Amino acid sequence: MNKYKETFGVDISKDVFDVHGSNKGHDQYKNDETGFKKFLKELPKCSLVVMEATGYYHYRLAQFLYKNGVIVSVVNPLSVKRFIQMKLAKVKTDKSDAKAICEYALVNEVSIYNALTDIQSECLQLFRLLDIYLKQRTATKNKIHGEAVLGIPSKFVYRSLIRNKKLLNKEVAAIESKILSLVKEDQQEQLTLLTSIPGIGQKTALFLIVVTDGFNKFETAAQLCSYVGITPTIRESGSSVRGRARISKVGNRKLRNLLFLCSFNACKHNKACKEVYERIVNKGKSKKLALIAVANKLLKQSFAIAKSGRPYDETYVSVLPR
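Read on for a plain summary of the structure. (Residues numbered from 1 in each chain as written. Predicted model: local features only at pLDDT ≥ 70, side-chain atom pairs only at ≥ 80, totals over all residues. Heavy atoms only, no water.)

**Topic: the packing of helix α3 (residues 77-86) against helix α4 (residues 94-107)**
What counts is decided by this rule: As a rule, the C-alpha atoms of each element are fitted with a line to give its axis, helices using only the stretch in contact, and angles between N-to-C directions run from 0 to 180 degrees. In DSSP terms, a helix is any run of H or I states spanning at least four residues, a strand is any run of E spanning at least two, and both are numbered starting from the N terminus. Here the word oblique covers every angle except those under 35 degrees (roughly parallel), over 145 (roughly antiparallel) and from 65 to 115 (roughly perpendicular). A contact between two residues is defined here by any heavy atoms of the two lying within 4.5 Å. Classification used: nonpolar for Ala, Val, Leu, Ile, Met, Phe, Trp, Tyr, Cys and Pro, charged for Asp, Glu, Lys and Arg, polar for all others including Gly.
Viewed as axis vectors pointing N to C, α3 and α4 meet at an angle of 95°, and their least axial separation amounts to 10 Å. Taken together, the axes of α3 and α4 are roughly perpendicular relative to one another. Between α3 and α4, the contacting residues are Ser 79, Val 80, Phe 83 and Ile 84 on the first element and Asp 97, Ala 100, Ile 101, Glu 103, Tyr 104 and Val 107 on the second. A class-by-class count of the residues in the contact of α3 with α4 yields seven nonpolar, one polar and two charged.

What follows is the structure in structure tokens.
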């Protein structure tokens, strides 16, 4: 039984957000400060407001409601999509989506949203911008290489690309420096602990701290591994379907990629990771599969060390949770 006085499902778009209350029914508000205040004023006490994680749109409303004492939950859009599909719904509108989110929250246990601090919020924004600049820099490097392969590259084009690469290098360095200073201000001890793990570099440690809210978002290492998307999925059915086990890939792709890159170094210098790598390769499995297992091990080590507050100890690693 739902323990809240009323549950509200919210579907957010650029200009408005649709709301469906379990008792009140449908309503619509402007997606701005005026609309937020009007919605807050009409909310009954002890209500639960549930919305999908939709990037920039949901964030402002979730933060506003949280800071004003409202209980908020931000759910995975994929979960709601599957819920709607199970109901065989034939109508797809913002109004129907708000109702579906409300119904989903009524029959499922949803996690409660914890607002980000100003430092955490800025770090996440910086990481998003960093990701954009890194992709642009890679594209620029590829373009420079492509022009050189032509044999007679345009001097104007070539010089423009070089200037752009230098500018991107400068911006990337500035953002990384800013992220480092913010995390040091807020989570210096945890940063030191994580970088004590052979294979975990400073960039990966920073990203881990920011996206996990200092590992406070997760109670177990398994939950964290599922969030990142490096847990195996089994596909078997009856006697005929025997699919290969693969990683789920439903999770934080950026963090998954960083951990995979870290695994190359970890399987050489991290004793526990090296043992995992060699055991899997010796069984005749692919090196890529072994590296994924190493990334999983690194993540579990990071979780255990962050939660215990103890630095990496090679003799202690063997008893960390698998």
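**Some points on the nonpolar core**
The tendency in soluble globular proteins is for nonpolar side chains to be buried side by side. To be explicit about the condition: The set of buried Ala, Val, Leu, Ile, Met, Phe, Trp, Tyr and Cys residues whose side-chain atoms join them within 4.5 Å is what this entry labels a nonpolar core. Residue burial is assigned from relative accessible area. The probe radius is 1.4 Å, only protein chains are included, and a residue is buried under 20% of its type maximum, exposed over 50%, and partly exposed in between.
The biggest cluster of nonpolar side chains holds 53 residues, and the ones touching the most others in it are Ile 179, Val 183, Leu 194, Leu 259, Leu 298 and Leu 299. Counting only elements with at least two residues in this core, the list comes to α5 (118-149), α6 (155-194), α7 (202-211), α8 (221-228), α9 (253-269), α10 (271-282) and α11 (287-308). Contact partners of Val 183, with chain neighbours within four places excluded, come to Cys 123, Gln 188, Leu 191, Leu 206, Ile 209 and Val 210. Judged by nonpolar contacts, the second largest core, of 19 residues, contains Val 10, Ile 12, Tyr 29 and Phe 36.

**So, the sheet that holds strand β2 (residues 16-21)**
Strand pairing in a sheet takes place through backbone hydrogen bonds and is either antiparallel or parallel in direction. Our working rule: Strands qualify as paired when DSSP identifies two bridges or more between them.
Taken in spatial order, the five strands line up as β3-β2-β1-β4-β5 in an open sheet, and their pairing is mixed. Where the open sheet ends on each side, the last strands, each with one partner, are β3 (25-30) and β5 (71-75). In this sheet, adjacent strand axes meet at a mean angle of 25° when their direction is disregarded. Pairing between β2 and β3: six bridges, direction antiparallel. Within β3, the residue paired with His 20 across the bridge is His 26. The strands that helix α1 (residues 33-42) touches are β1 (6-12), β2, β3 and β4 (47-52); relative to β3, the one it contacts most, it runs at about 145°. Helix α2 (residues 56-67) rests against β1, β2, β4 and β5 of the sheet, and its axis sits at about 165° to β4.

**So, the pairing of β2**
Across the six residues that make up β2, a large majority, five, are buried. Bridge analysis of β1 against β2 gives five bridges, and the strand direction is antiparallel. Paired with Asp 11 across the two strands is Asp 18, which belongs to β2. The hairpin formed by β2 and β3 contains three residues between the paired strands.

**Focus on a negative patch on the surface**
Here is the rule we go by: The residues that make up patches have over 30% relative accessible area and no salt bridge, and they are joined within 9 Å when like-charged or within 5 Å when they are Val, Leu, Ile, Met, Phe, Trp or Tyr. Residue burial considers only the protein chains on display, and all accessible areas are found by Shrake-Rupley using a 1.4 Å probe. Any Lys or Arg side-chain nitrogen located within 4 Å of an Asp or Glu carboxyl oxygen qualifies as a salt bridge. His is not counted here, nor are the chain ends, while Lys and Arg score as positive and Asp and Glu score as negative. We put the charge of a Lys on NZ, of an Arg on CZ, of an Asp on CG and of a Glu on CD.
Among the surface-exposed residues, Glu 275, Glu 278, Asp 313 and Glu 314 lie close enough to one another that they form a single negatively charged patch. Checked against the element boundaries, Glu 314 lands in the segment after α11. Glu 314 sits in the partly exposed class, given a relative accessible area of 42%.

**Examining the packing of aromatic side chains**
What counts, and what does not: Between the rings of Phe, Tyr and Trp (Trp by its six-membered ring), a pair exists once the centres lie within 6.5 Å; its type follows the angle of the planes, with under 30 degrees stacked, over 60 edge-to-face, and the other angles tilted.
Counted under the stated rule, the structure contains 11 aromatic pairs. A ring pair is formed by Phe 8 and Phe 39, whose centres lie 6.1 Å apart and whose planes are at 80°; its orientation type is edge-to-face. Of this pair, Phe 8 sits in strand β1 while Phe 39 sits in helix α1; the two residues are 31 residues apart in sequence, bridging distant segments of the chain. Comparing Phe 8 with Phe 39 shows no difference in burial state: the two are buried. Aromatic side chains Phe 36 and Phe 64 sit 5.5 Å apart centroid to centroid with 40° between the ring planes, which places their arrangement in the tilted category. With Phe 36 in helix α1 and Phe 64 in helix α2, this pair connects stretches of sequence that are 28 residues apart. When sorted by exposure, Phe 36 lands in the same class as Phe 64, which is buried. Through a chain of ring-to-ring contacts, three or more aromatic side chains come together here, namely Phe 8, Phe 17, Tyr 29, Phe 36, Phe 39 and Phe 64.

**Considerations on the pattern of salt bridges**
Under the definition given, this model contains six salt bridges. One salt bridge connects Asp 131 with Lys 254, and the closest N-O pair in it is separated by 3.7 Å. Remark: Lys 254 occurs in helix α9 and Asp 131 occurs in helix α5; sequence separation between them is 123 residues. The exposure class of Asp 131 is partly exposed, given its relative accessible area of 22%. Judged by relative accessible area, Lys 254 falls into the partly exposed class, the value being 27%. The closest approach of N and O atoms between Lys 203 and Glu 176, which form a salt bridge, is 3.1 Å.

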